Amino acid sequence: MAAKLIDGKVVSEHILNNLKPRIEALKELGITPGLAAVLIGDNPASATYVNSKAKACQKLGLYSEVITRPANIEQGDLLKIVGELNRNERIHGILVQSPLPAPLDELMVTLSIDPAKDVDGFHPYNVGMLLLGTPTLISCTPHGIVKLLEYYQIETLGREVVVIGRSNIVGKPVAALLMQKGKGANATVTIAHSQSRDLPSITRRADIVIAAIGKPNTVTGDMIKEGAVVIDVGINRVSDPSTPKGYRLVGDVDFDACAQKASHITPVPGGVGPMTIAMLMTNTVLAAEIGGA
Ligand code: GUN
């Protein structure tokens, strides 16, 4: 393998360690940052993510609540839960794990979260502030990607970034972050997606490829140029009877082939994933600092 591995575990540990003095300072003021995670239904991947988020809180000494409800919860009851969390003084950050089971209306739920407690950065207020270049609570996975690039001193200024995927959670906000003025940004950003014509000709232009499409092996070795940086946001479960769980996690990138050509590459797991959690913890501390201090 020619590429240098971008180690999300190392970078996330570094970020979490830097949060510790800020948490101590808040505790001296009598404030323990608190995160509430709302988990609806029985999607196993969502349950795993929410568990990891609660565990990260415990490890850092943050207060955490996990609220679980069945998939058939009424929309009004879910909005009531969020309303109570908005008023709960122990809670500085609220996240409702996505995707929500049908027919729940994800946008209505997001709109019901107090933007000052929206640690996912999904509320239109926070999305708008990001687009205007004045963000406070930045969505976690995109912010984590920017932090990875920064840590490994990967230049973005003037460089071609191709984002594959146009989701509200990753594709759109990471493009907005990397195109804005300022340090760690100033890139020329292209968003490609499932309807893009001739994807390989687009990705071969990129100095940095960010794959966030949710399909294994979307980015193959022939789709990247020599020396490109490859960031794999995908977390896909593929069946593997040889493992105890019966599945294994793979990204959106053909790792072995791309690692032969890339200068830097993220693994799955252990790349972007831990960064999402580290930035969620960062946002929870920030929300407590802004709201409580
Ligand atoms: N589902 C996948 N990623 C995320 C995330 O970052 N936050 C929430 N709330 N749901 C998700």
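Just so we're clear, the structure is a prediction, and the values are computed from it rather than from any experiment. (Residues numbered from 1 in each chain as written. Predicted model: local features only at pLDDT ≥ 70, side-chain atom pairs only at ≥ 80, totals over all residues. Heavy atoms only, no water.)

Caption draft 1: Region of interest: the overall build of the chain. Assigned secondary structure in the chain consists of 10 helices and 11 strands. Taken over C-alpha atoms, the radius of gyration comes to 19 Å for the chain, in line with the 19 Å a tight globule of 293 residues would show. Seen along its three principal axes, the alpha-carbon backbone of the chain occupies a region of about 50 × 40 × 35 Å. The 293 residues of the chain split such that 48% are buried. Residue pairs in contact within the chain that sit at least 24 positions apart in sequence constitute 71% of those at least 6 positions apart. If you sum the accessible surface of the chain, you get close to 13,800 Å²; carbon and sulfur atoms cover 54% of it. The average position of the 28 basic charges and that of the 28 acidic charges among the side chains of the chain differ by 2 Å. (Helix = DSSP H or I, 4+ residues; strand = E, 2+ residues; numbered from the N terminus. Rg over C-alpha atoms; globule rule 2.2 N^0.38 Å. Buried < 20%, exposed > 50% of the residue type's maximum accessible area, 1.4 Å probe, protein only. Contact = heavy atoms within 4.5 Å. Areas by Shrake-Rupley, 256 points an atom, 1.4 Å probe, with all protein chains shown as cover. Lys, Arg positive; Asp, Glu negative; His and termini not counted. Charge placed at Lys NZ, Arg CZ, Asp CG, Glu CD.)

Caption draft 2: Broad picture of the packing of aromatic side chains. A full pass over the atoms with the stated rule returns one aromatic pair. Centre to centre, the rings of Tyr-151 and Tyr-152 are 5.3 Å apart; their planes meet at 65 degrees, and the pair counts as edge-to-face. Geometry around Tyr-63 places Arg-90 over its ring, the cationic atom sitting 3.7 Å from the centre. (Phe/Tyr/Trp six-rings, centres within 6.5 Å; stacked < 30°, edge-to-face > 60°. Lys NZ or Arg CZ within 6 Å of the ring centre and 35° of its normal.)

Caption draft 3: Quick look at the site of the ligand. Looking at the ligand, the residues that line it are Lys-53, Leu-95, Val-96, Gln-97, Ser-98, Asp-120 and Phe-122. At 3.2 Å, a side-chain N or O of Gln-97 approaches a nitrogen atom of the ligand. Residue classes in the shell around the ligand are distributed as three nonpolar, two polar and two charged. (Near = heavy atom within 4 Å. Polar contact = N/O pair within 3.5 Å; in protein donor to acceptor, adjacent residues only side chain to side chain. Nonpolar A, V, L, I, M, F, W, Y, C, P; charged D, E, K, R; others polar.)

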